[in-house]
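Given next are the chains, with one letter for each unit.
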Amino acid sequence: MSGWTADRFGARTVFRAAIAVFVLGSIGCALSSALWHFVLARIVQGIGGAMMTPVGRLVLVRTIDRKELVNAMAWVSIPAMIGPLLGPPLGGFITTYASWHWIFLINVPMGLVGIILVTRYIENIRAEVPERFDAAGMVLSGIAVAGLTFGLSIAGLDIVPWPWVVALISAGLISLALYLAYARRTPAPIIDFGLLKLPSFRASVVGGFMFRIGVGAMPFLLPLLLQVGFKLSPFQSGMITFTSTMGAIIVKGAAPRMLKVFGFRTLLIANAILGGLSIAACAGFSAQTSFIVMVGVLMVGGFFRSLQFTAVNALAYAEVPAARMSRATALAAVGQQVSLATGVAVGALTVELAVRYHDQATIMASDFPPGFILVGLIATRLGVDLLADAG
């Protein structure tokens, strides 16, 4: 519903409110004294976070000339990478030497600064004639996305009974089928799958979906391998994992130039192969692998994955009419969330099957390589096929 709320109440108002909700959820996380308190606070945090990215992207695509969109996408994401860059080492340091509560309290001053900057610099862009809110579509699509995302996320974790997992995924699939039938006869559906008729948008969302499966698995598999498999501390793990963001930052300035030289189609296909192989390369990590080798692989992988996302995100809006831009950002955001959850599901399920195959009581380092290889191949093979077909 991010696109509709921005059209109705203004992008600045919604963006500012989303940051405030995220901060309140962060305070709730820090004050949690039981697991269910923490879960509820994370839901509140998720509501705020889910509104920020698509609304921020909507402001960008509505105010920047499309010829400059690649440059804008590249540079605007650099500040957003400060979190992934500093988060792992800082979070690892806090968890190891202080208390995990402070991880969430850091969001409070950052959020207040964000609200001030949004108030000062972002225009309150809104639609002249907002469309009617699609309440029925919101319910159906909400159940579909929530059921599929949550069901897939926990499918391989062995933390809830399998009948619950099946029920969640089934409810998501049934709701998705009902929504697709409903959306065909609705003039302004809340999630507009008709946008997939646009070749560039379809290439970005569908091809990008497969590539993000690998990317979604990495933040799940890699810290577990380092901390559970190699017995590293959270701080040591964070000092290794944050290096992929360094590679991502390096590529941002070069991305527009590379796209001009090689073109979207060629670069996306070649980069999907290289990005997927960089994920699969993590299967070769062992407790004896040197720090330099791990950092090198992760930096190179971050370089390719960042280049892919810059190109895919810019490509998505090349043909979208201005009147449908808010729905395009909403559909793209939903696709990203489901793909990332699918990556976690595939990686977790692969590790779980490896544990059972080895007949072990606990997870060992030897259980992770199949997961890296599988998600890397998915990101490579299927991403290339779908980008070539749709692009």
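Please read these numbers as outputs of a predicted model, since none were measured by experiment.

On to the nonpolar core, then. F15, L195, F201, Y317 and V320 are the most contacted members of the largest nonpolar core, which totals 33 residues. Counting residues per element, the ones that place at least two in this core are helix 2 (11-30), helix 3 (35-63), helix 7 (107-121), helix 9 (162-184), helix 10 (199-229) and helix 16 (325-357). Once you skip the residues sitting within four places of it in the chain, F201 turns out to touch L195, L196, L315, A316, V320, A328, L331 and A332. Ranked by size, the runner-up nonpolar core spans 27 residues in total, among them F230, I240, A283 and F368.

Turning our eyes to something else, we now look at the environment of A365. Counting through the fold element by element, A365 comes out in the loop between helix 16 and helix 17 (369-390). Exposure remark for A365: the relative accessible area of 24% places this residue in the partly exposed category. Between the C-alpha atom of A365 and that of F264, which follows or precedes it by 101 residues, the distance is 38 Å. Once residues lying within four places of it in the same chain are set aside, the contact partners of A365 are L225, G229 and F230.

With that settled, consider the packing of helix 11 (residues 234-241) against helix 15 (residues 291-316). Here helix 11 crosses helix 15 at 50 degrees, and the two axes come no closer than 9 Å. Put simply, helix 11 runs oblique to helix 15. Every residue of helix 15 that contacts helix 11 at M239, I240 and T241 is listed here: F291, M294 and L298. Here the residues of the contact of helix 11 with helix 15 are counted per class, giving five nonpolar, one polar and no charged.

Looking now at helix 16. Counted at 1.5 Å a residue, the expected span for helix 16 with its 33 residues is 48 Å, and the 48 Å between its end C-alpha atoms agrees. Here helix 16 lies mainly inside the structure; 26 of its 33 residues are buried. Phi for D359, located one or two positions after helix 16, is positive at around 55 degrees.

At K231, a position not held by glycine, the phi torsion is positive, near 65 degrees. With respect to the helices, strands and loops of the structure, K231 is situated in the loop between helix 10 and helix 11.

Conventions adopted
- Residues numbered from 1 in each chain as written.
- Predicted model: local features only at pLDDT ≥ 70, side-chain atom pairs only at ≥ 80, totals over all residues.
- Heavy atoms only, no water.
- Core = buried A, V, L, I, M, F, W, Y, C linked by side-chain atoms within 4.5 Å.
- Buried < 20%, exposed > 50% of the residue type's maximum accessible area, 1.4 Å probe, protein only.
- Helix = DSSP H or I, 4+ residues; strand = E, 2+ residues; numbered from the N terminus.
- Contact = heavy atoms within 4.5 Å.
- Axes fitted to C-alpha atoms, helices over the stretch in contact; angles between N-to-C directions.
- Parallel < 35°, antiparallel > 145°, perpendicular 65-115°, else oblique.
- Nonpolar A, V, L, I, M, F, W, Y, C, P; charged D, E, K, R; others polar.
- Expected span 1.5 Å × (residues − 1).

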